[in-house]
Amino acid sequence: MIHIWKQYPGVNQLSSSLGGLSLQHSQQPESLRPVNLTQDRNILPVSSVPAPVPNLNSDLRKLNCSPDSFRCTLTNIPQTQALLNKAKLPLGLLLHPFRDLTQLPVITSSTIVRCRSCRTYINPFVSFIDQRRWKCNLCYRVNDVPEEFMYNPLTRSYGEPHKRPEVQNSTVEFIASSDYMLRPPQPAVYLFVLDVSHNAVEAGYLTIVCQSLLENLDKLPGDSRTRIGFITFDSTVQFYNLQEGLSQPQMLIVSDIDDIFLPTPDSLLVNLHESKELIKDLLNALPNMFTNTRETHSALGPALQAAFKLMSPTGGRISVFQTQLPSLGAGLLHSREDPNQRSSTKVVQHLGPATDFYKKLALDCSGQQTAVDLFLLSSQYSDLASLACMSKYSAGCIYYYPSFHCSHNPAQAEKFQKDLKRYLTRKIGFEAVMRIRCTKGLSIHTFHGNFFVRSTDLLSLANVNPDAGFAVQMSIEESLTDTSLVCFQTALLYTSSKGERRIRVHTLCLPVVSSLADVYAGADVQAVVCLLANMAVDRSVSSSLSDARDALVNAVVDSLAAYMSTASNLQQSMLMAPNSLKLFPLYILALLKQKAFRTGMSTRLDDRVYAMCQMKSQPLVHLMKMIHPNLYRIDKLIDESTIHVNDRVVPQPPLQKLSAEKLTREGAFLMDCGSSL
Amino acid sequence: MESVVFIFSLIDCCALIFLSVYFIITLSDLECDYINARSCCSKLNKWVVPEVIGHAIVTVLMLISLHWFIFLLNLPVATWNIYRYIMVPSGNMGVFDPTEIHNRGQLKSHMKEAMIKLGFHLLCFFMYLYSMILALIND
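What counts, and at which threshold
- Residues numbered from 1 in each chain as written.
- Chains lettered and ligands numbered in written order.
- Predicted model: local features only at pLDDT ≥ 70, side-chain atom pairs only at ≥ 80, totals over all residues.
- Heavy atoms only, no water.
- Helix = DSSP H or I, 4+ residues; strand = E, 2+ residues; numbered from the N terminus.
- Buried < 20%, exposed > 50% of the residue type's maximum accessible area, 1.4 Å probe, protein only.
- Contact = heavy atoms within 4.5 Å.
- Buried area = accessible area lost by both parts, 1.4 Å probe.
- Salt bridge = Lys/Arg side-chain N within 4 Å of Asp/Glu carboxyl O.
- Polar contact = N/O pair within 3.5 Å; in protein donor to acceptor, adjacent residues only side chain to side chain.
- Nonpolar A, V, L, I, M, F, W, Y, C, P; charged D, E, K, R; others polar.
- Pairing = 2+ DSSP bridges.
- Axes fitted to C-alpha atoms, helices over the stretch in contact; angles between N-to-C directions.
- Core = buried A, V, L, I, M, F, W, Y, C linked by side-chain atoms within 4.5 Å.
- UniProt positions renumbered as here; feature names shortened; annotations may be inferred.

**Focus: the overall build of chain A**
Looking only at helices and strands, one finds 21 helices and 32 strands in chain A. When the 677 residues of chain A are sorted by exposure, 56% land in the buried category. Put simply, 75% of the contacts in chain A that link residues at least 6 apart link residues at least 24 apart.

**Topic: the interface of chain A and chain B**
Taken together, the contact between chain A and chain B spans 18 residues of the former and 16 residues of the latter. Buried surface at the junction of chain A and chain B, both sides included, amounts to about 1,500 Å², of which 48% is carbon and sulfur. On the chain A side of the contact with chain B, Lys359(A), Leu363(A) and Phe452(A) bury the most area, a combined 26% of that side's loss. Connecting chain A to chain B are three salt bridges. A salt bridge links Asp364(A) to Arg38(B); the nearest nitrogen and oxygen atoms lie 2.6 Å apart. The interface formed by chain A and chain B contains 12 residue pairs in polar contact (both at pLDDT 80 or more). Within the residue set of the side of chain A that touches chain B, elements represented by two or more residues are α12 (357–367), β21 (442–448) and β22 (452–455) of chain A. For the side of chain A that touches chain B, the residue count by class is seven nonpolar, five polar and six charged.

**With respect to the pairing of β22(A)**
Residue and element names in this part refer to chain A. Two strands pair when backbone bridges link them, and β22 and strand β23 (residues 458–464) are joined in this way by three bridges, in the antiparallel orientation. Bridging across to β23, Val453 finds its partner in Leu459. In textbook terms, the turn of a hairpin is the stretch between consecutive antiparallel strands, and for β22 and β23 this stretch comprises two residues.

**Here's the deal with the sheet that holds β21(A)**
Hydrogen bonding along the main chain pairs the strands of a sheet, whether they run parallel or antiparallel. Residue and element names in this part refer to chain A. Read from one edge to the other, the open sheet built from four strands follows the order β2-β4-β24-β21, with strand pairing classed as antiparallel. Since the sheet does not close on itself, it has two edges, and those belong to β2 (70–72) and β21, each with one partner. Each neighbouring strand pair of the sheet contributes to a mean axis angle of 25°, computed without reference to strand direction. Summarising the sheet, strand β4 (residues 92–95) and strand β24 (residues 470–476) pair through four bridges and their orientation is antiparallel. From the neighbouring strand, Leu95 faces β24, where its bridge partner is Phe470.

**Concerning the nonpolar core**
Core analysis: the biggest nonpolar cluster contains 180 residues, and Leu461(A), Phe488(A) and Phe584(A) have the highest contact counts within it. The residues contacting Phe584(A), other than those within four sequence positions of it, are Leu89(A), Val525(A), Val528(A), Val529(A), Leu532(A), Ala555(A), Val556(A) and Ser559(A).

**Regarding the UniProt feature "transmembrane region" (unreviewed entry) in chain B**
All names here are of chain B. Per the UniProt record, "transmembrane region" (unreviewed entry) is annotated on residues 5–25, 52–75 and 118–137. The span residues 52–75 carries 88% helix and 0% strand; its end-to-end C-alpha distance comes to 12 Å. In this annotation, residues 118–137 is assigned 100% helix and 0% strand; the end-to-end C-alpha distance for the span is 29 Å.

**Things to note about the pattern of salt bridges**
Residue and element names in this part refer to chain A. If you walk through the whole model with that rule in mind, you get 29 salt bridges over all chains. For the salt bridge of Arg183 with Glu431, the shortest nitrogen-to-oxygen distance reads 2.8 Å. With a gap of 248 residues between them, Arg183 in the loop between β11 (171–175) and β12 (189–195) and Glu431 in strand β20 (residues 429–438) connect regions that are remote in the sequence. Here Arg183 falls in the partly exposed class, since its relative accessible area comes to 27%. The shortest N-O distance in the salt bridge between Lys616 and Asp538 comes to 2.6 Å. Remark: Asp538 occurs in helix α17 (residues 525–542) and Lys616 occurs in helix α20 (residues 605–617); sequence separation between them is 78 residues.

Pasting the structure below:
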């Protein structure tokens, strides 16, 4: 069967390649080459799919922002909204602004040059008029170049402002002055809220958490002012007094959960370095303190209210570990899932939160610069749809370990341990705000990700972490007829863990086109799929899952139909796609099989909700791995393309095409989906 | 009797006009960044139920006093108000939710809705004024 297909090229390939001989098509870029989807069999990628490079001249291309940080769904921006509507593809940006970078130019200049009207930071795509003035590329206003900017500290030369590092790099980090601070930079403050009910002790997560904390206590990002605190809760809330002079940690129990209060005004959040011995004692004793507990209730709401009260003066990060449905006090939840409806093809209910308690709490926390991260380690339904709100709007992150048990489920236990290590030691930014600016004519109308939208383009993030991705959708308000380039700038103002106020700026420049064919030539299929995934999650929650699935299918159908109607020399009976979109139907099909969107197969509600949260908060590179995993063949390792790690030669298995026909009985294969192997 | 009905509806309509104007002012404050989303939404959510009740009273009053045309005119707006209030998703903090208001052009649609209601209430105001004068003359 396979051999027959390979020998039969098909008439249409012939006609399209003959068509390529004409003068008109010889200028056709590779990305617009028509691919016959019903005939071509070898379109699956063998190596990782690169991001499309925008069609700019080579100087601008070198300076442009890396696609890992900043990516647009259409690398050729349509000139008018009407043209965008004809293309039937969404226009949006996918951002990963705080990702771990190996090379980052840090500017410590005393003046940060910004446009006077739109406050854009100076970037490689501005134009300098007569060496003393510069024209903003977002609002076109002419600004003066300040005196200090004329001097270039790197080359010690004067009079060449365009050689300065701010203008030579599209990703820079500024050290901000006190004008950018509303209050002195806060110290790193970490609070751990731990569930110690009978269920939690059964699952045994406490030993892993305490062990991990003991190992990583010195590696927590921060400086000498770092503070740490612990709260445990079951049907009451327990606080721990870790004051420096005490001989051992003191537990204070508050049982009035309807009107929670803090038992002592301070010494519940203590300086890490001063009380280190006490903290270590507490961590060693904690797993054994609750072994014989008979408490089955969980008062999560009151514990969170207490945590908020504790953190409001400074801000910081709250890490919540929960193992069951909160059953006591404010914010108690009921079991809403019907196990018989798990494989329902019709309506999937209860995808949205049941109460606004967690949303209100998240907004309060966000206002006090506190982020709430949730670790859900439950074996039964815990209404993640409602609990996730506490992280979604306070810029936290959500980790979910279904059927967690430290001895019965060692795979989950190991995963939890590794995730916890990364979580505790990764870079963190506090009291952050992010602003996304675009060239005049474009505007942003919808935001996706874990943050609170404080005003039309200002996103308030209590914490930023390097594993968070964001997406925004844009529309073209005014026609971009008088410009050939548009720029986007993301500015992230944050306090580093060492107490420095910094601004990370990414700038992306893209060309403007006026023909539909060019729009398709520049389509970035991976970015389109990720943005559609975000939109589909929103649609599932606001209307219904089947609506979202239909919308995803319609997105492919409409865009390919629009392409076929423009490329007039192709026969209508075949399904043709431009080379840039040849994987589009494949990716959408893969998306429809994800836990978030699948119907007909038994999916637990929490699993589904978690998959949806992941789609909205992960950066593009992780999301694509989840949708289209990497398949490796590991029994036939070859010697080429080996890498050297720690003085050992590690052979790299070749990447296979992700297709069932590549699997054979005699081989061993490894599939890497990002979060599982 | 007629004139009392129309005097009362006139006053009620006045109150609804003021309420629409308040909504428009608060929403445009949010657009221009004079207030933040949370305070804007809590201010507006406080007045959603009074608006629903106020409009429902006028509609019912018209029904009771057998003024069919005006009743039918007010009915769609009253049902839309009640529908909007009932269909708030369970996780949202009221009709105006601070986390959703900047998403998907909701701010613009709320503004448009408030403008349409303002226009409608102004029209109704003049209708009641005319009917009241007519009723007072006929008495």
